[in-house]
Amino acid sequence: MQPVTGMAERTLIELRDVSRIDSNSGRQLLNSLSVTVCAGDRIGVVGASGSGKSTLMRSIAMLDPLSGEVLHRGTRITDDVIPSYRRKVVYLSQRPCFTGGTIEENLRLPFQFKSANGYPASPFHEPDLVAAELDAFELAPEILHRSPESLSGGEQQMLALIRALLLEPEVLLLDEPTAALDPASREKFESRIHRWYNASNDTTHKEPIKEKAYLWTSHDPTQVNRMTQKTVTMNHGQLTLVSEIASNTGNAREIDSPENEQQVDSSGD
Amino acid sequence: MLAKSTALRTNSRWILQVIDAQTLASIIPKSQATNLLGQFLEPRPHGDISLSWFEVGVAATLLLINAIISLQLGLGIAKRIATSSVRMTIQLAILGLVLKQIFELAQPAPVLGLAAVMTVIAGVSAVKRIDYRYPTIYRNSIFAVWTSAWVVTSVTVLLIVRPQPWYSPQVVIPLLGMVLGNSLTGISLGLDRFLSELRNRRGEVETMLALGATRWESCRGVFIEATRTAMIPILNTMSVAGIVSIPGMMTGQLLAGAEPIDAVKYQIMIMFVIAAAIAIGVVLSLLLSYRNVTNSQHQIEWHQIQRP
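(A) Representation of the overall build of chain B within the structure. When helices and strands are tallied, chain B shows ten helices and two strands. Along chain B, helices and strands appear, N-terminal first, in the series α-α-α-α-α-α-α-α-α-α-β-β. Out of the 308 residues in chain B, the part that is buried amounts to 45%. Residue pairs at least 24 apart in sequence account for 71% of intrachain contacts in chain B once pairs closer than 6 positions are excluded.

Rendered as structure tokens:
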């Protein structure tokens, strides 16, 4: 990779020729994919079940063994920085999972990991921050003392998002995050993501610089239109279609996708 | 499947453990065989612990009653009781013959050879009961059993018991058998718990990884739980020893006419030795397994963990 300059500096993540083969079945789950995620990107990932959407998301977070390269801000991610990379590029699964203990213990947990070194201390030093997060979802502070099993699926998913946001990530990988939510919860979830995304706008500059990005998989086309400005379609482990949604109008415009080199590259926007 | 694993478990336990009481004890006294049926009900002289086959048969009858009840109630375990009993009898008979040969030879090579065979069988048996396995599990289990049992047995034989010569089969084989039997149980329980719990808590483990945990941080909870599970039997045994149960080896020594205090000292020593072997074997096997199912990229290689 060439030294990063100008435009390329906004490249957050780059996947180069990434393939993943299911070791048991020998099935190719990802077929030499190349994907670039830039600051400010809001990418919708669509495709049939089993087309590799989740695999792509997990691969960006480096949760599965892969071949190919993953670069973060132009640098190859070495083994020892993978945990801190995952703090910045957080994968949120469709089914939220918690460890034993209370919600508060769960929210504190990531700040006890070694990769938390060099980060600001646990947000619980600033109770207002956590309270504000809970408030955004109309959750009472008492919920902190409850156990995860006693919560509804919707509440769990919101808390999983809060847990992720407390890490102050730069990229969120949202894997069908609202599939199990009722419409009201879904709306709250979407608006929180929206707020997180826009909070990165540095208002002191004339032109707002977006520092964050997210990928969102969904089976709901209206949600994809609503939440993302670009769509990639997965089919049998390959990106078959890359389209851009013109802002606000919701009209999709197709972009040519060469067969051998699928690129999602927003640097030419 | 279940029947098979139970039979194998019984089998290995018998080979490795039951010899402790008999051999350790029976070596000491020499008494005239009481093979005649007529002598069966006569009071036996003090310190005579040899049995006639008829007397063994009386014990078998007790199990026969169980088998009949099982047949009556349709519990479906009569066949398993029968096969396990027959297997056990044949295995122990063979063991008796092998031990007789080796005791007579009294050479280091056959003693170590038998010890090696017992160790490998223990390593393989430890895996038999495990639901989820990964490809190199046999290698790891044998290595863990081997290292833990041989280190501990060596210390016991060379520093504590100090027989002449050091390879005395009467000491080495039963001691190793006892250590192996316990170590394999611990390793088996620990590995089974570690792998099944890792699978059950997959979501939890992956969530931690996704939030920046290292592979060790994500597996630590499962690891600790597996260690704890593996140590429960020996801790239980230690806590009720002498109150609820009188351990097998001590029973053997008492039957053979040993002084209670001597038998107790021996038993205490053996308990420490066994607990140490279990702890070493369990931690070793779990560490090897942890290394095998995770990689340096802080990923869990889920595809490796499979039902056989």
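Once you've had a look at it, read on.
(B) Structural context of the pairing of strand E4 (residues 67–72) of chain A. Residue and element names in this part refer to chain A. In terms of strand pairing, strand E1 (residues 11–21) meets E4 through five bridges, oriented antiparallel. When the bridges of E4 are listed, Ile13 appears paired with His72. Summarising the sheet, E4 and strand E5 (residues 75–76) pair through two bridges and their orientation is antiparallel. Looking at E5, one finds that Leu71 is bridged to Arg76. Hairpin connection from E4 to E5: two residues lie between these consecutive antiparallel strands, with Arg73 at a positive phi of about 50°.

(C) Geometry of helix H5 (residues 137–161) of chain B. Residue and element names in this part refer to chain B. Helix length check: H5, at 25 residues, gives a terminal C-alpha distance of 34 Å against a target of 36 Å (1.5 Å per residue), a fit within 8%. For H5, the set of buried residues is Ile137, Asn140, Ser141, Ile142, Ala144, Val145, Ser148, Ala149, Val152, Thr153, Thr156 and Val157. Buried residues along H5 sit in contact with helix H4 (108–128), helix H6 (169–200) and helix H10 (260–293). Directly beyond the C-terminal end of H5, a positive phi value near 45° is found at Arg162.

(D) Local environment of the sheet that holds E5 of chain A. Residue and element names in this part refer to chain A. Strand order in the open sheet made by the four strands is E2-E1-E4-E5, with antiparallel pairing throughout. Of all the strands in the sheet, just strand E2 (28–38) and E5 have a single pairing partner and so form its edges. Contacts from helix H1 (residues 53–60) reach E1, E2 and E4 within the one sheet, and its direction differs from that of E2 by about 55°.

(E) Structural context of the interface of chain A and chain B. In this complex, chain A contributes 26 residues to the contact, which on the side of chain B involves 21 residues. A combined buried area of about 2,100 Å² lies between chain A and chain B, and 55% of that area is made up of carbon and sulfur atoms. Counting the contacts that link chain A with chain B gives one salt bridge. Here chain A is connected to chain B by eleven residue pairs in polar contact (both at pLDDT 80 or more). Elements represented by at least two residues in the side of chain A that touches chain B include exactly helix H2 (82–88), strand E6 (89–92) and helix H5 (153–165) of chain A. For the side of chain A that touches chain B, the element with the most residues is H2 of chain A, which contributes four residues. Looking at side-chain class alone, the side of chain A that touches chain B contains 14 nonpolar, five polar and seven charged residues.

(F) Structural view of the packing of helix H9 (residues 248–255) of chain B against H10 of chain B. Residue and element names in this part refer to chain B. Viewed as axis vectors pointing N to C, H9 and H10 meet at an angle of 160°, and their least axial separation amounts to 9 Å. By the angle between their directions, the pair H9 and H10 is classed as roughly antiparallel. Between H9 and H10 the crossing geometry is right-handed. From H9, Met249, Met250, Gln253 and Leu254 reach across to H10, where they touch Pro260, Asp262, Ala263, Val264, Tyr266, Gln267 and Ile270. Looking at the contact of H9 with H10, its residues break down into eight nonpolar, two polar and one charged.

(G) Main features of a nonpolar patch on the surface. A cluster of nonpolar side chains, contributed by Leu112, Val151, Val155, Leu158, Leu159, Ile160 and Trp166 of chain B, occupies part of the molecular surface with about 630 Å² of accessible area. For Trp166 of chain B, the position within the fold is in the loop between H5 and H6.

(H) Up close: the pattern of salt bridges. Taken as a whole, this structure holds 19 salt bridges over all chains when the rule is applied. We note a salt bridge from Glu190 of chain A to Arg186 of chain A, for which the minimum N-O separation is 3.6 Å. Here Arg186 of chain A and Glu190 of chain A lie together in helix H6 (residues 183–199), a separation of four residues that amounts to about one turn. The network of salt bridges with common partners includes Arg193, Glu197, Arg201, Glu204 and Glu225 of chain B.

(I) Quick look at the pairing of strand E7 (residues 171–175) of chain A. All names here are of chain A. Most of E7 is tucked away, with five of its five residues classed as buried. In E7, alternate side chains face the same way, and those of Val171, Leu173 and Asp175 on one face and Leu172 and Leu174 on the other are all buried. Inspection of the sheet shows E6 paired to E7 by four bridges, in the parallel sense. The residue of E7 that forms the bridge with Val89 is Val171. Pairing geometry for E7 and strand E8 (residues 213–217), over five bridges, is parallel.

Conventions adopted
- Residues numbered from 1 in each chain as written.
- Chains lettered and ligands numbered in written order.
- Predicted model: local features only at pLDDT ≥ 70, side-chain atom pairs only at ≥ 80, totals over all residues.
- Heavy atoms only, no water.
- Helix = DSSP H or I, 4+ residues; strand = E, 2+ residues; numbered from the N terminus.
- Buried < 20%, exposed > 50% of the residue type's maximum accessible area, 1.4 Å probe, protein only.
- Contact = heavy atoms within 4.5 Å.
- Pairing = 2+ DSSP bridges.
- Expected span 1.5 Å × (residues − 1).
- Axes fitted to C-alpha atoms, helices over the stretch in contact; angles between N-to-C directions.
- Buried area = accessible area lost by both parts, 1.4 Å probe.
- Salt bridge = Lys/Arg side-chain N within 4 Å of Asp/Glu carboxyl O.
- Polar contact = N/O pair within 3.5 Å; in protein donor to acceptor, adjacent residues only side chain to side chain.
- Nonpolar A, V, L, I, M, F, W, Y, C, P; charged D, E, K, R; others polar.
- Parallel < 35°, antiparallel > 145°, perpendicular 65-115°, else oblique.
- Left-handed = near helix turned anticlockwise from the far one by under 90°.
- Patch = residues over 30% accessible without salt bridge, like charges linked within 9 Å, V, L, I, M, F, W, Y side chains within 5 Å.
- Areas by Shrake-Rupley, 256 points an atom, 1.4 Å probe, with all protein chains shown as cover.

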